[in-house]
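One letter stands for each residue in the lines below.
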Amino acid sequence: VTSIRSAVQLIILGYTLKYIFSLRAWYWLVVMLGVMTCAAAFIGAERLKLKASRMFLLKVCFLSLFISTSLVFLPLLVLGVIKCNFREVLTLWGLVLGQAVSSLNLAQERLASEAINRRDEIEAKVALGASLKDALRDCIKAAVSASLIPRYNNLKAAGIVFIPGITAGMIIAG
């Protein structure tokens with residue numbers, strides 16, 4: 001199912017990219033960023049195994065993804081590292097957003113497994129008067145650390161592995 005969805009998305013994207021990049025009004029750019037972030041929130045929320053309403057999960061995912069992507073993206077825009085045009089903004093927003101969705105799902109999965117594995121410890125802390133947030137603090141730290149491991153590896157390998165590979169691919173593609 002995931003492979004079919006990816007193929008359909010790529011086909012649709014291929015037909016619409018030329019049109020999207022020809023748009024010049026800034027409000028279309030904002031609409032596209034919103035659509036991308038909503039789609040990422042749906043993807044992120046469908047993997048969350050929490051006992052909460054679907055709408056609540058979507059709101060949390062949307063806000064988490066929007067804020068984290070903005071924190072990476074806006075300084076680059078303000079400092080002039082990227083230009084405010086459709087090609088650069090949509091491309092970079094999509095790359096950062098995709099990594100944020102992966103980190104969100106990795107963190108959630110790790111937090112759930114840590115909480116299950118440390119259930120007795122968490123219950124003991126709460127029974128002794130700790131708040132649930134304090135009782136889960138070690139689990140949250142472990143989840144965040146685990147979700148960032150792929151990002152750290154990407155940064156370590158950027159100059160040696162990813163950039164030469166991407167550059168070679170671009171040269172071959174013309």
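Residues numbered from 1 in each chain as written. Predicted model: local features only at pLDDT ≥ 70, side-chain atom pairs only at ≥ 80, totals over all residues. Heavy atoms only, no water.

Looking at the overall build of the protein
- When helices and strands are counted, the protein shows six helices and zero strands.
- Secondary structure of the protein in N-to-C order comes out as α-α-α-α-α-α.
- Principal-axis analysis of the C-alpha atoms gives the protein an extent of 65 × 40 × 40 Å.
- For the protein, the computed accessible surface area is about 12,300 Å², with 71% contributed by carbon and sulfur atoms. (Helix = DSSP H or I, 4+ residues; strand = E, 2+ residues; numbered from the N terminus. Areas by Shrake-Rupley, 256 points an atom, 1.4 Å probe, with all protein chains shown as cover.)

What to know about the environment of F56
- If you trace the backbone, F56 turns up in helix α3 (residues 54-78).
- Spatially, the C-alpha atoms of F56 and A45 are 9.4 Å apart, while their sequence positions differ by eleven residues.

Some remarks on the side chain of T69
- Relative to the assigned elements, T69 resides in helix α3.
- Looking at T69, the relative accessible area reads 0%, which means it is buried.
- Sequence-distant contacts of T69, defined by excluding residues within four places in its chain, comprise W93, V96, L97 and A100. (Buried < 20%, exposed > 50% of the residue type's maximum accessible area, 1.4 Å probe, protein only. Contact = heavy atoms within 4.5 Å.)

Brief notes about the packing of helix α2 (residues 26-47) against α3
- Running from N to C, α2 and α3 point in directions that differ by 125°, and their axes come no closer than 8 Å. Considering their axes alone, α2 and α3 lie oblique with respect to each other. Relative to α3, α2 is oriented so that their crossing is right-handed. Counted together, G34, T37, C38, A40, A41, F42, G44, A45 and E46 of α2 and R54, L57, L58, C61, F62, L65 and F66 of α3 form the full contact between these two elements.
- Taken together, the residues of the contact of α2 with α3 break down into eleven nonpolar, three polar and two charged. (Axes fitted to C-alpha atoms, helices over the stretch in contact; angles between N-to-C directions. Parallel < 35°, antiparallel > 145°, perpendicular 65-115°, else oblique. Left-handed = near helix turned anticlockwise from the far one by under 90°. Nonpolar A, V, L, I, M, F, W, Y, C, P; charged D, E, K, R; others polar.)

Here's the deal with the nonpolar core
- Of all hydrophobic cores here, the largest spans 25 residues; its most connected members are I20, L29, L33, L65, F73, F86 and L90.
- Those elements that place two or more of their residues in this core are α1 (2-22), α2, α3 and α4 (86-117).
- Per-element tally for this core: the top contributor is α4, with nine residues. (Core = buried A, V, L, I, M, F, W, Y, C linked by side-chain atoms within 4.5 Å.)

Considerations on the environment of I11
- Within the fold, I11 resides in helix α1.
- Remark: the alpha-carbon pair of I11 and S68, spanning 57 residues in sequence, is separated by 28 Å.

Re the confidence of the model for the protein
- The predicted model of the protein averages 85 in pLDDT, with 91% of residues at 70 or higher.
- Ranking the elements of the protein by mean pLDDT puts helix α6 (residues 132-173) last, at 78, and helix α5 (residues 119-127) first, at 93. (pLDDT = per-residue confidence, 0-100.)

What to know about the packing of aromatic side chains
- Summed over all chains, the structure comprises five aromatic pairs.
- Between F62 and F66, the aromatic rings sit 6.1 Å apart at their centres with planes inclined by 5°, giving stacked as the arrangement. Pair noted here: F62 and F66 are both in helix α3, with a separation of four residues, about one helical turn.
- Residue class for F62 comes out partly exposed when judged on its relative accessible area of 26%. (Phe/Tyr/Trp six-rings, centres within 6.5 Å; stacked < 30°, edge-to-face > 60°.)

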